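Here is what each chain is made of, one letter per residue.
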Amino acid sequence: MAESHVITALVAKRAELAGLLDHHRKEIERIQQEVGALDTAIKLFDPEYNVGGIRKKRYRRKNNYFQQNEGARLVLDVLREEKAPMSTALVVDKVSKKKGFAFDSESIKPFHAAVLNTIGRQVAKGTVEKVGTVDNMAVWGLVK
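Residues numbered from 1 in each chain as written. Predicted model: local features only at pLDDT ≥ 70, side-chain atom pairs only at ≥ 80, totals over all residues. Heavy atoms only, no water.

Any two aromatic rings considered together are summarised by their centre-to-centre distance and by the angle between their planes. Under the definition given, this model contains seven aromatic pairs. For the ring pair Tyr 65 and Phe 103, a centre distance of 6.2 Å and an interplane angle of 75° mean the geometry is edge-to-face. Of the two residues, Tyr 65 is situated in the loop between α1 (4-45) and α2 (70-82) and Phe 103 in the loop between α3 (88-99) and α4 (108-125); the sequence distance between them amounts to 38 residues. Look at Tyr 65 and you get partly exposed, because its relative accessible area is 21%. For Phe 103, a relative accessible area of 27% corresponds to the partly exposed category. Measuring from centroid to centroid gives 5.7 Å for Phe 66 and Phe 111, while their planes differ by 50°, and the two rings are tilted. Within this pair, whereas Phe 66 is found in the loop between α1 and α2, its partner Phe 111 is found in helix α4, the two being separated by 45 residues in sequence. As far as the burial class goes, Phe 66 and Phe 111 line up, both buried. Aromatic rings pair up to connect Tyr 65, Phe 66, Phe 101, Phe 103 and Phe 111 into one cluster. (Phe/Tyr/Trp six-rings, centres within 6.5 Å; stacked < 30°, edge-to-face > 60°. Helix = DSSP H or I, 4+ residues; strand = E, 2+ residues; numbered from the N terminus. Buried < 20%, exposed > 50% of the residue type's maximum accessible area, 1.4 Å probe, protein only.)

Looking now at the side chain of Ser 96. Relative to the helices and strands, Ser 96 is located in helix α3. A residue is classified by how much of its surface remains accessible, and Ser 96, at 4% relative accessible area, is buried. When sequence neighbours within four positions are dropped, the list of residues in contact with Ser 96 reads Phe 101, Phe 103 and Phe 111. (Contact = heavy atoms within 4.5 Å.)

Once that is clear, we can look at the pairing of strand β3 (residues 137-142). Pairing of strand β1 (residues 86-87) with β3 involves two bridges; the strand directions are antiparallel. For Met 86, the partnering residue across the bridge sits in β3 and is Trp 140. Of the strand pairs in this sheet, strand β2 (residues 128-134) and β3 are connected by six bridges, and their pairing is antiparallel. Within the sheet, the bridge partner assigned to Glu 129 lies in β3 and is Gly 141. (Pairing = 2+ DSSP bridges.)

Moving on: a positive patch on the surface. Taken together, Arg 58, Arg 60, Arg 121 and Lys 125 make up a surface patch of like positive charges. Tracing the backbone through its elements, the reader meets Lys 125 in helix α4. Its relative accessible area of 61% is what places Lys 125 among the exposed residues. (Patch = residues over 30% accessible without salt bridge, like charges linked within 9 Å, V, L, I, M, F, W, Y side chains within 5 Å. Areas by Shrake-Rupley, 256 points an atom, 1.4 Å probe, with all protein chains shown as cover. Salt bridge = Lys/Arg side-chain N within 4 Å of Asp/Glu carboxyl O. Lys, Arg positive; Asp, Glu negative; His and termini not counted. Charge placed at Lys NZ, Arg CZ, Asp CG, Glu CD.)

Our next topic: the pattern of salt bridges. In total, this model carries eleven salt bridges according to the counting rule given. Its salt-bridge partner being Arg 30, residue Glu 34 comes within 2.3 Å of it at the nearest N-O pair. Of this pair, Glu 34 and Arg 30 are both found in helix α1, four residues apart, which corresponds to roughly one turn of the helix. Glu 34 gets classed as partly exposed once you look at its relative accessible area, which sits at 43%. Across the pair Asp 77 and Arg 80 runs a salt bridge, and its minimum N-O distance is 3.1 Å. Taken together, the residues Asp 77 and Arg 80, both in helix α2 and three residues apart, mark about one turn of the helix. Arg 80 sits in the partly exposed class, given a relative accessible area of 45%. A network of salt bridges, in which partner residues are shared, links Glu 27, Arg 30 and Glu 34.

Turning to the sheet that holds β3, a few remarks are in order. Across the sheet, three strands lie side by side as β1-β3-β2; this open sheet has antiparallel pairing. One side of each edge strand has no neighbouring strand; the edge strands of this open sheet are β1 and β2. In this fold α2 packs onto β1, β2 and β3, with an angle of close to 80° to the strand it touches most, β3. (Axes fitted to C-alpha atoms, helices over the stretch in contact; angles between N-to-C directions.)

Pasting the structure below:
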């Protein structure tokens, strides 16, 4: 027979997720109503306008660690200052020190992800490249 504390924890988690699901359903419904109202307003000004042809704008979650373009500037500064390729962990460490952040091994994970995301955008722009790996961690350098 299952342990009662396990059942209690699973029931609590299910209740939490069901509440979250209900919240997001209501939020979706509210946003759909707002989009419908905007479609109606557009049609008032131009009845022939194809509102279905309007491209959706990609939603990006706000980064809690950097202002706009600050992450890219810091990553590039760190790579320029070092003048040699650096592992992801070293880039994360140097960027966190520049920002004045102090993390423990568990709380650094979201910051590490934010820096890695920033590096990925710089790779896509062609300013940073992966030059190898050390201990299963990518090593990054500036594109020359």
